[in-house]
Amino acid sequence: MRLNNSPILTTRNYGINDAKVDDSVFCQEITPFENIIIENADSFFNKNAKKISFSKKIGGDFDLQLSQNNNAVLNFEIDKSQENPICISFKFDENNKMLVEQIVFNIKENVDAKLIVSLSGEVDAYHNGIVKINCEKNSKAEMLFITDFEKESVNVLRFENSVDEASKLKVSLVDFANGHSIINYYSKLNGDESKSILNCVYVAGGKTFVDLNFEQDVFGKKSEASIQTVGALLAEARKHFKGTINFEKGCKKSSGSEDELCLLLSKNAKSKALPMLLCTEEDVDGKHASSVGKVSEKELFYIMSRGFSRQDAIKLVVKAKFNIVLENLFDVKLKQKLIDLVDRKLNYEE
Amino acid sequence: MPKTKVKEINQNIYDFKNQDNFDFKMKKGLSEEIVREISKKKVEPEWVLDIRLKALEVYHKLDLPIWGPDLSELNMDEISTYVKPKTDKKESWEDVPEEIKDTFDKLGIPKAEHEYLAGVGAQYDSEVVYHSIKNSLLKQGVIYTDFDSAIRDYPELVKEYFTKCVPLFDHKFIALHYAVFSGGSFVYVPKGVKLEMPLQSYFRLNSPESGQFEHTLIIVDEGASLHFIEGCSAPKYNKVNLHAGCVELFVKEGASLRYSTIENWSKNMLNLNTKKAIVEKDAKMEWVSGSFGSKISMLYPMSILKGENSKTEFTGISFAGKGQNLDNGFKVVHLAPNTSSVVSSRSLSKSGGVATYRSLVSILPEATNSRCSITCDGLMLDDISRSDTIPFSNVEVDDVEISHEAKVGKISEKAIFYLMSRGLSEEDAKAMIVRGFANPISKELPLEYAVEMNRLINLELEGSIG
């Protein structure tokens, strides 16, 4: 089946317009998922929430399953700021292997919110989900979303965000992909002076296939959209990156930037990238940069001359690149934990 | 600061038309009968007809592209694929019929030939009407002739290379090209021969509701070098014209080829041209491209870096005005170790024009230690135009470096203010900035052509401040 269509098509034989995956990736029978831990959200959690509608489709039968056969719907109406982040942990185990969930965060006017969602487990997990973040006027939301599956799994994830006037959304997406990881991220910058930042880091090994389709549509004036992605591919991993910043007519004085760095840590890893800038408004400042390659030999030589092994030197460089993206993460301890996790994931044979 | 508005131009020096006089004009449409008749008119050998018929079959099997500009207005039933002008090929301008000679005079071709070219080919509608080459080059074994003559006079050489760089199943419009191709140039530069002066072919499409399908085949043998210039224009008609030419370039070991194009097709033209080069060991292929005309353009020159240490560079500019959708770019495939590519592309859009940069960089497993650097900038001159950047990269080996940078936006108000504070009018300041934006491309052209390109930019910018 073909998933995660690019918003703009290009030549079919490039193989980037969509993600071609085997039908067996889709799981028909969904069993209950109960291992959900929610912290710091008592007053915000709407237990009577119903299913939501969503417009961004990922394709195949995944969308129908998500709307009709999900096993978790979490809705948070966040109407006051608080110091501690709302944390939602989905722990996958033998009895909780399949998660088809909808999560909605409605951040009310003038509210600051910090959100952490993590999916982890040591089983062959199946995940099909959507996160919707609606930032009302003058609100601010920071989210950290982590997927960490130890065994070969399926991760199909959508984001569908709206960012209103003078509000700011920052999402840090950390994907320790294993198996299939198909991610569609969409943000609509509705309001003037809105800001939407997506930072993504990923590490993929084995025969993992990562398909990232990130899009930010800028409608509001004096707004700012940013997509920054850094990843490392090991073994025979493959990555597709489709990034789009779309300056719609009227978004005067807005800016957008897209930056993709893909580090190839194996000669058998493969990277495809399609970083797009679409512009129907003249008075904007848009730019993108992308680079692909292995870790610079000069950098390695410098570090190795300080007594590090080659593999440790590579790890050090990769972590430094990741650190740039994860900089300013609201939880410093968590950031260090993530960097340590990157260190562990990078244990490999060159 | 008041908003600068740039008027559309109605006429330019390219937009003059002769009467639709011809020796023969094929009935409109595309069929086996028409393909056979073109071949018969040209008295071609059987193997060429076989290629035409095979291509027609492929054309009918392939779909229109699912991407890019809308091509739905193209109706092959309304296009005449072959128009023979009222003359044969001549080797002296004096022998070319007055009306056609006058056309090329206006375009400055005889003058250019006299002053700084080593050889010239001029095509009018479907046939080459003039071809010449300096004697000194003939003595060195250089072949520069029209493609029909090459099929007749150098069949083995043509057979060895024809369709080998651009196969007929590449895409729908290349299949169309091979079915009805006519005219074009053939160049062979022998081993070690380095041409100091460029060769130029000029393509003029005068006949309304017709297509031009010229085939250009260039072989630059080992250690040789060549600069080839291609120019094209047409008067504007109300109905669609089609250009689906093909350029096949072979750059042998240690050779170098620069292929420069100034394209100024009329704004009713669908320009669906295909250009590709195979670059061997230690060879270098340079593309310089200025794209100003056409209603729709889908043009992506391609270099296949087949040999170790081979290199390619692309320097291009597109200028999309009112009613134009220019979807241009560059493609490169790295197939061998230590190969490198450098791409610099700029596009301007105004008066509702759409400029798209679309590219491919593919680095395959054999291409270890290869490098690719791409920069593409889009400049929008008003708020009703569009500028898109759609670059694709595919990397299948770790030991490479690819970097890509792109920017899009408008002319800096600070820069306009600065120039105006030095006494320039806003219009002149803006024109100066645009010329500066195009400078990386014009500096790669011979002086005379750089002047020509700047003149085209000035024509496009001609207007007033509102």
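A quick note: this is a predicted structure, and the numbers were derived from the prediction, not measured. Sequence positions are assigned chain by chain, starting from 1 and proceeding in written order. In the order they appear in the text, chains get letters beginning with A and ligands get numbers beginning with 1. Since the coordinates come from a predicted model, pLDDT governs what is reported: local features require at least 70, and pairs of side-chain atoms require 80 or more to be given and counted, while whole-chain, interface and lining totals use all residues. Based on all heavy atoms of the structure, the side-chain values leave hydrogens and waters out of the count.

1. Quick word on helix α1 (residues 32-41) of chain B
Residues and elements named next belong to chain B.
Line of reasoning, step 1. Among the residues of α1, those classed as buried are Ile-34, Val-35, Ile-38 and Ser-39. When α1 is viewed along its axis, its buried side chains cluster within an angular range of 135° and face the same direction.
Line of reasoning, step 2. At its buried positions, α1 is contacted by α2 (46-61) and α8 (172-180).
Line of reasoning, step 3. Numbering of helices and strands runs from the N terminus; a helix is a DSSP stretch of H or I covering at least four residues, while a strand is a stretch of E covering at least two. Positive backbone phi, at 50°, marks Val-43, one or two positions downstream of α1. Categorising residues by exposure relies on relative accessible area from a 1.4 Å probe, with only protein chains included: less than 20% of the type maximum marks a residue as buried, more than 50% marks it as exposed, and the intermediate range marks it as partly exposed. Each C-beta atom gives one direction from the helix axis, and the arc is the one those directions make. Any two residues having at least one pair of non-hydrogen atoms within 4.5 Å are treated as being in contact.

2. Examining the pattern of salt bridges
Line of reasoning, step 1. Whenever Lys or Arg places a side-chain nitrogen within 4 Å of a carboxyl oxygen from Asp or Glu, that contact is recorded as a salt bridge. The full count for this structure, using the stated rule, is 45 salt bridges over all chains.
Line of reasoning, step 2. With a shortest N-O distance of 3.5 Å, Glu136(A) and Lys108(A) are connected by a salt bridge. With a gap of 28 residues between them, Glu136(A) in the loop between β8 (126-135) and β9 (140-149) and Lys108(A) in the loop between β6 (98-107) and β7 (112-121) connect regions that are remote in the sequence.
Line of reasoning, step 3. Among the residues examined, Glu136(A) registers a relative accessible area of 26% and is labelled partly exposed.
Line of reasoning, step 4. Across the pair Lys42(B) and Glu127(B) runs a salt bridge whose closest N-O atoms are separated by 2.9 Å. Placement of Lys42(B) in the loop between α1 and α2 and of Glu127(B) in strand β4 (residues 127-133) is noted, with a sequence separation of 85 residues between them.

3. Structural notes on the interface of chain B and chain A
Line of reasoning, step 1. Taken together, the contact between chain B and chain A spans 39 residues of the former and 40 residues of the latter.
Line of reasoning, step 2. Accessible surface is computed with a 1.4 Å probe, and the buried area is the amount of it that two parts give up when combined, taken over both parts together. Taking both sides of the interface into account, the surface hidden between chain B and chain A amounts to around 3,300 Å²; carbon and sulfur atoms contribute 53%.
Line of reasoning, step 3. Three residues, Ile66(B), Phe392(B) and Asp398(B), lead the burial of chain B against chain A; their summed loss comes to 19% of the area buried on that side.
Line of reasoning, step 4. Remark: the boundary between chain B and chain A carries three salt bridges.
Line of reasoning, step 5. Asp383(B) is the salt-bridge partner of Lys252(A), the closest N and O atoms lying 3.6 Å from each other.
Line of reasoning, step 6. Think of a polar contact as two N or O atoms within 3.5 Å of one another; within protein, one of them needs to be a possible hydrogen donor and the other a possible acceptor, and neighboring residues in sequence only count if both atoms come from side chains. Counting across the chain B and chain A interface gives 15 residue pairs in polar contact (both at pLDDT 80 or more).
Line of reasoning, step 7. Elements that contribute at least two residues to the side of chain B that touches chain A include exactly β22 (354-363), β24 (386-395) and β25 (400-410) of chain B.
Line of reasoning, step 8. Considered class by class, the residues forming the side of chain B that touches chain A number 15 nonpolar, nine polar and 15 charged. Three classes are used, and their members are as follows: Ala, Val, Leu, Ile, Met, Phe, Trp, Tyr, Cys and Pro are nonpolar, Asp, Glu, Lys and Arg are charged, and the others, Gly among them, are polar.

4. Considerations on the environment of Ser421(B)
Line of reasoning, step 1. The residue Ser421(B) is located in the loop between α9 (413-420) and α10 (426-442) in this model.
Line of reasoning, step 2. A distance of 3.1 Å separates polar atoms of two side chains, one belonging to Ser421(B) and the other to Arg422(B).

5. Brief notes about the domain arrangement of chain B
Residues and elements named next belong to chain B.
Line of reasoning, step 1. Domain limits in this description derive from either an automatic procedure or a database domain assignment. By the assigned domains, chain B splits into domain 1 (14-297), domain 2 (300-306 + 327-410) and domain 3 (413-466).
Line of reasoning, step 2. A straight line from the C-alpha centre of domain 2 to that of domain 3 covers 24 Å.
Line of reasoning, step 3. Contacts between domain 2 and domain 3 engage nine residues on the former and eight residues on the latter.
Line of reasoning, step 4. Buried surface at the junction of domain 2 and domain 3, both sides included, amounts to about 800 Å², of which 72% is carbon and sulfur.

6. A closer look at the side chain of Glu101(A)
All names here are of chain A.
Line of reasoning, step 1. Tracing the sequence through the fold places Glu-101 in strand β6.
Line of reasoning, step 2. In this structure Glu-101 is buried but unpaired, with Arg-158 as the nearest side chain of opposite charge at 7.2 Å.
Line of reasoning, step 3. A distance of 2.9 Å separates the side chain of Glu-101 from the side chain of His-127, its partner in a polar contact. Only four residue types enter the tally: Lys and Arg on the positive side, Asp and Glu on the negative side; His and the chain ends are excluded.

7. What to know about the confidence of the model for chain B
Line of reasoning, step 1. Per-residue confidence from the prediction method is given by pLDDT, with values spanning 0 to 100. The predicted model of chain B averages 88 in pLDDT, with 94% of residues at 70 or higher.
Line of reasoning, step 2. Scored below 50 in pLDDT, residues 1-11 of chain B makes 37 contacts in the model with residues more than four places away or belonging to other chains.

8. With respect to the confidence of the model for chain A
Line of reasoning, step 1. Across chain A, pLDDT averages 93, with 99% of residues at or above 70.
Line of reasoning, step 2. Across chain A, element-level confidence peaks in strand β14 (residues 209-218) of chain A with a mean pLDDT of 98 and bottoms out in helix α4 (residues 332-345) of chain A with 84.

9. Here's the deal with the packing of helix α2 (residues 297-304) of chain A against helix α3 (residues 310-326) of chain A
All names here are of chain A.
Line of reasoning, step 1. In this analysis an axis means a line fitted to C-alpha atoms, helices contributing only their contacting stretch, and an angle means the value between N-to-C directions, from 0 to 180 degrees. The geometry of α2 relative to α3 is characterised by a closest axis approach of 9 Å and an angle of 120° between their N-to-C directions. The two elements α2 and α3 meet at a crossing, and its hand is right-handed. Counting all contacts with α2, which are made through Glu-297, Glu-299, Leu-300, Ile-303 and Met-304, the residues of α3 involved are Arg-310, Ala-313, Ile-314, Leu-316, Val-317 and Lys-321.
Line of reasoning, step 2. Split by residue class, the contact of α2 with α3 holds seven nonpolar, no polar and four charged. Two helices cross in a left-handed way if the nearer one is turned anticlockwise from the farther one by less than a right angle. They cross in a right-handed way if the turn is clockwise.

10. Thoughts on the packing of aromatic side chains
Residue and element names in this part refer to chain B.
Line of reasoning, step 1. Each pair of aromatic rings taken from Phe, Tyr and Trp, with Trp reduced to its six-membered ring, is defined by centres within 6.5 Å and is described as stacked if the planes are under 30 degrees apart, edge-to-face if over 60, and tilted in the remaining cases. Scanning the entire structure with this criterion turns up 25 aromatic pairs over all chains.
Line of reasoning, step 2. Note on Phe-162 and Tyr-178: the rings are 5.4 Å apart at their centroids and 75° apart in plane angle, and the pair reads as edge-to-face. Taken as a pair, Phe-162 in the loop between α7 (155-161) and α8 and Tyr-178 in helix α8 lie far apart in primary sequence, 16 residues in all. Here the two residues Phe-162 and Tyr-178 agree in accessibility, since each one is buried.
Line of reasoning, step 3. For a ring to carry a charge above it, either NZ of a lysine or CZ of an arginine must fall within 6 Å of the ring centroid while also lying within 35 degrees of the normal to the ring plane. Above the plane of the ring of Phe-181 lies Arg-52, whose end atom (NZ or CZ) is 4.1 Å from the centre.
Line of reasoning, step 4. Here the basic side chain of Arg-346 rests over the ring of Phe-437, its NZ or CZ set 4.9 Å away from the ring centre.

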